[in-house]
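Chain and residue survey
If you want the building blocks of each chain, they are given just below.
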Amino acid sequence: MPPKLVAGADDPNTIRDVAVAPNPFRHQSTITFTPEANGPLTVTVVDLAGQQVASLLDAQAKKGEPTRVEFQPERIAGGLYFYRITLNGQPTIGKLMYQP
């Protein structure tokens, strides 16, 4: 399922080429994407209640530089989670299914 892009199509603060694999996953999942602007970049994982369960990245993005982060759940139950990639305050959100 493609990610939901919150920023407009003409907005330079978008995230392109998001891929999550494997998804669903048992031990680890890798999120890859390409930022379309320089600026503050964070990647977090939240549960269905919106509570953050993991912070995967807090860095400065470089426009056009492919980025890869890994999610290895620790001490959380299996189920549906959401990744949130935020570039210059604009979030891109997608689903992760953890099946331990």
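First, a word on scope: everything that follows refers to the structure included in this document. (Residues numbered from 1 in each chain as written. Predicted model: local features only at pLDDT ≥ 70, side-chain atom pairs only at ≥ 80, totals over all residues. Heavy atoms only, no water.)

**Details of the pairing of strand β5 (residues 52–61)**
For clarity, the cut-off: For two strands to pair, DSSP has to find at least two bridges joining them. Helix and strand definitions here come from DSSP, where helices need a minimum of 4 consecutive H or I residues and strands a minimum of 2 consecutive E residues; each element is numbered from the N-terminal end.
Where strand β4 (residues 39–46) meets β5, eight bridges bridge the pair, whose relative direction is antiparallel. From the neighbouring strand, P40 faces β5, where its bridge partner is Q60. Remark: five residues form the turn of the hairpin made by β4 and β5, two consecutive strands paired antiparallel; G50 in that turn has positive phi of roughly 85 degrees.

**Quick word on unusual backbone geometry**
The general pattern is negative phi for most residues beyond glycine and trans for most peptide bonds. Look at the link from A21 to P22: it is a cis peptide, with omega at -15 degrees. Here P22 shows up in the loop between β2 (15–21) and β3 (29–35). The peptide bond linking N23 to P24 adopts the cis configuration, its omega dihedral lying at 10 degrees. Here P24 is to be found in the loop between β2 and β3.

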